[in-house]
Amino acid sequence: LRLVMERKVLNWHCMLIDSFADQSWVHDSWELIAPVDPMFQNILNYIDTHVLSELCADAADFELYIQWRYPELIYPDEITLSRLTASVTRYANLIMKFYFLQDEEDAITLDEWAAAGYMCSNLPKSRTFLNF
C-alpha cells in the first residue's frame, strides 16, 4: 500500500513542469510565482489534485505548512517553484510517516487499512493526516 501511495505522488513535479511549461518560473525555479496571477491558484489546485488529495491531505493545512517552513517569506508573495517543490516533497514525507511509520501504539493497523478498502479517504477523520 505504501508503494502504491508513493507512486501516486512520485512524478507530480515532472507533470507540473509539463502542465505549466509555458510559464517563465518553470525555467527559473527561483523566480517568484506571482500570487495575484490566476496561474498561482491553478498551481495550488494541481498540487491538491495530484498530491494532497491522493494522500488525503488538506490543502489549507499544506499552505500553513509552507508558512511555517518559510517564516521569513511573505506567503504567497515570495514563493518560488523551488520552495514549493521542497515543501510538497517534505509535506508528502510527513504524511507517509504518519500513515506508515508511527510508533506501534498509534500505527494504523492492517485491519484498519483493510476495513478502509486500502484508501486513506475511507479512514476515520481522526486517522487522516493534519499537521496544523
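Everything numeric here is computed off the predicted structure, so don't read it as measured data. (Residues numbered from 1 in each chain as written. Predicted model: local features only at pLDDT ≥ 70, side-chain atom pairs only at ≥ 80, totals over all residues. Heavy atoms only, no water.)

A. The arrangement of the overall build of the protein chain in detail. Regarding its fold elements, the protein chain presents seven helices and zero strands. From first element to last, N terminus to C terminus, the protein chain shows the α and β order α-α-α-α-α-α-α. The C-alpha extent of the protein chain, read off along each of the three principal axes, is 45 × 30 × 20 Å. The 132 residues of the protein chain split such that 36% are buried. Once local pairs closer than 6 in sequence are excluded, the contacts in the protein chain between residues at least 24 apart make up 66%. Accessible surface computed for the protein chain: about 7700 Å², of which carbon and sulfur atoms make up 54%. (Helix = DSSP H or I, 4+ residues; strand = E, 2+ residues; numbered from the N terminus. Buried < 20%, exposed > 50% of the residue type's maximum accessible area, 1.4 Å probe, protein only. Contact = heavy atoms within 4.5 Å. Areas by Shrake-Rupley, 256 points an atom, 1.4 Å probe, with all protein chains shown as cover.)

B. Spatial organisation of the nonpolar core. Within the largest apolar cluster, 40 residues are counted, with the highest numbers of intra-cluster contacts made by I43, I47 and Y99. Secondary structure elements with two or more residues in this core: α1 (2-10), α2 (12-19), α3 (24-27), α4 (38-52), α5 (59-69) and α6 (81-100). (Core = buried A, V, L, I, M, F, W, Y, C linked by side-chain atoms within 4.5 Å.)

C. Just the packing of aromatic side chains, in detail. Enumeration over the complete set of coordinates arrives at twelve aromatic pairs. When the ring of Y65 is compared with that of Y91, the centres are 5.3 Å apart and the planes differ by 50 degrees; the resulting orientation is tilted. Of this pair, Y65 sits in helix α5 while Y91 is found in helix α6, placing the two residues 26 residues apart along the sequence. Neither residue differs from the other here; Y65 and Y91 are each classed as buried. Pairwise contacts between aromatic rings join F62, Y65, W68, Y91, F98, Y99, F100, W113, F129 and F132 into one cluster. The ring of Y70 has R83 sitting right over it, with the charged end atom 5.5 Å from the ring centre. (Phe/Tyr/Trp six-rings, centres within 6.5 Å; stacked < 30°, edge-to-face > 60°. Lys NZ or Arg CZ within 6 Å of the ring centre and 35° of its normal.)

Read these as geometric descriptors, not functional statements.
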